[in-house]
Amino acid sequence: DAGVTQSPTHLIKTRGQQVTLRCSPKSGHDTVSWYQQALGQGPQFIFQYYEEEERQRGNFPDRFSGHQFPNYSSELNVNALLLGDSALYLCASGGAGQGLSGANVLTFGAGSRLTVL
Amino acid sequence: AQSVTQLDSHVSVSEGTPVLLRCNYSSSYSPSLFWYVQHPNKGLQLLLKYTSAATLVKGINGFEAEFKKSETSFHLTKPSAHMSDAAEYFCVVTYYSSASKIIFGSGTRLSIRP
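An account of the accompanying structure is given in this report.

How each quantity is defined
Residues numbered from 1 in each chain as written. Chains lettered and ligands numbered in written order. Predicted model: local features only at pLDDT ≥ 70, side-chain atom pairs only at ≥ 80, totals over all residues. Heavy atoms only, no water. Helix = DSSP H or I, 4+ residues; strand = E, 2+ residues; numbered from the N terminus. Buried < 20%, exposed > 50% of the residue type's maximum accessible area, 1.4 Å probe, protein only. Areas by Shrake-Rupley, 256 points an atom, 1.4 Å probe, with all protein chains shown as cover. Lys, Arg positive; Asp, Glu negative; His and termini not counted. Charge placed at Lys NZ, Arg CZ, Asp CG, Glu CD. Contact = heavy atoms within 4.5 Å. Buried area = accessible area lost by both parts, 1.4 Å probe. Salt bridge = Lys/Arg side-chain N within 4 Å of Asp/Glu carboxyl O. Polar contact = N/O pair within 3.5 Å; in protein donor to acceptor, adjacent residues only side chain to side chain. Nonpolar A, V, L, I, M, F, W, Y, C, P; charged D, E, K, R; others polar. 1 Å grid on protein atoms, 1.4 Å probe; cavity = no way out; pocket = protein on both sides within 12 Å on 5 of 7 lines; lining within 4 Å. Points joined across faces, edges and corners; volume = space filled by probe spheres on them.

### Observations regarding the overall build of chain A
For step 1, the next point in the chain: Helices and strands together make up the secondary structure of chain A, namely 0 helices and 11 strands.
For step 2, the next point in the chain: The secondary structure elements of chain A, listed N-terminal to C-terminal, are β-β-β-β-β-β-β-β-β-β-β.
For step 3, the next point in the chain: If you line up chain A on its principal axes, its C-alpha atoms span 40 × 25 × 25 Å.
For step 4, the next point in the chain: The buried share of chain A, reckoned over its 117 residues, is 50%.
For step 5, the next point in the chain: Accessible surface computed for chain A: about 5,300 Å², of which carbon and sulfur atoms make up 48%.
For step 6, the next point in the chain: In chain A, 8 positive and 9 negative side-chain charges are present, and the distance between their average locations comes to 11 Å.

As structure tokens, this is what we get:
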């Protein structure tokens with residue numbers, strides 16, 4: 001049973017560019033959330049998707065947007081990249097019918113490491 | 001405001017000695033608490049979780065944690081450290097509310113001395 005898969009694993013962009021990161025949730029999971037982990041810090045919650053809608057959002061600007069598809073996979077888009085957007089972006093899935101419960105156990109992917117030059 | 005604090009950014013122990021990683025949380029609602037481990041270039045892996053059942057929670061790889069409501073703590077322990085335990089550990093809190101945002105601590109890096 002495949003866990004959470006993310007692509008690409010590494011990428012390099014320049015300031016002002018746009019990036020799209022992709023995530024396939026664990027089989028049977030229906031919620032996807034995204035996190036930004038800067039070097040030496042804990043992950044910070046960006047947003048969570050359930051039933052193809054953004055349900056929760058952390059303190060991130062509108063440059064960060066996302067999408068969830070009918071097959072529960074998700075994309076994270078970041079526009080107008082800044083140097084400070086360099087980080088490991090983690091996707092996590094959960095739910096399997098539990099929806100947005102705080103007791104969801106999340107399954108994390110290995111992340112996409114974004115470097116902005 | 002909801003928050004979680006990991007009291008040590010780095011802990012170093014000798015192999016075979018006990019491990020203690022400390023975590024305190026702010027309590028507005030009934031929390032769910034988790035410990036995750038992150039090895040280099042790997043995803044976060046769940047060690048254990050507390051969701052209002054038994055206050056002493058046993059996890060994988062010999063780790064356990066005790067929920068102490070009076071102290072708002074959820075410290076992670078292991079009786080005997082192994083070299084493979086060297087990693088970054090995150091305490092995580094979520095709340096049963098409409099805003100079930102998930103809050104990570106800043107992490108504790110565990111080093112194991114031979």
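On we go.
### Quick notes on the interface of chain A and chain B
For step 1, the next point in the chain: Taken together, the contact pairs 22 residues of chain A with 23 residues of chain B.
For step 2, the next point in the chain: Buried area between chain A and chain B, summed over both chains or domains, comes out near 1,600 Å², and the portion from carbon and sulfur atoms is 57%.
For step 3, the next point in the chain: Run the count over chain A and chain B and you get 0 salt bridges.
For step 4, the next point in the chain: Along the contact surface separating chain A from chain B lie 2 residue pairs in polar contact (both at pLDDT 80 or more).
For step 5, the next point in the chain: Those elements that place two or more of their residues in the side of chain A that touches chain B are β4 (31-37), β5 (44-50), β6 (53-57) and β9 (87-94) of chain A.
For step 6, the next point in the chain: Partitioned by chemical class, the residues of the side of chain A that touches chain B number 11 nonpolar, 10 polar and 1 charged.

### Considering the layout of surface pockets
For step 1, the next point in the chain: Each pocket or cavity is described by its volume, and for the largest pocket that value is around 420 Å³.
For step 2, the next point in the chain: Along the wall of the largest pocket there are 21 residues; nearest its centre are L88(A), R113(A), Q38(B), P40(B) and N41(B).
For step 3, the next point in the chain: Ranked by residues supplied to the lining of the largest pocket, first place goes to strand β10 (residues 87-95) of chain B with 3 residues.
For step 4, the next point in the chain: Of the residues belonging to the lining of the largest pocket, the class tally is 8 nonpolar, 9 polar and 4 charged.
For step 5, the next point in the chain: As for the second largest pocket, its lining consists of 14 residues, and the residues nearest its centre are Q44(A), F45(A), N59(A), I102(B) and I103(B).
For step 6, the next point in the chain: Elements with a contribution of two residues or more to the lining of the second largest pocket: β5 of chain A together with β11 (103-104) of chain B.
For step 7, the next point in the chain: Of the residues contributing to the lining of the second largest pocket, the split by class is 6 nonpolar, 7 polar and 1 charged.

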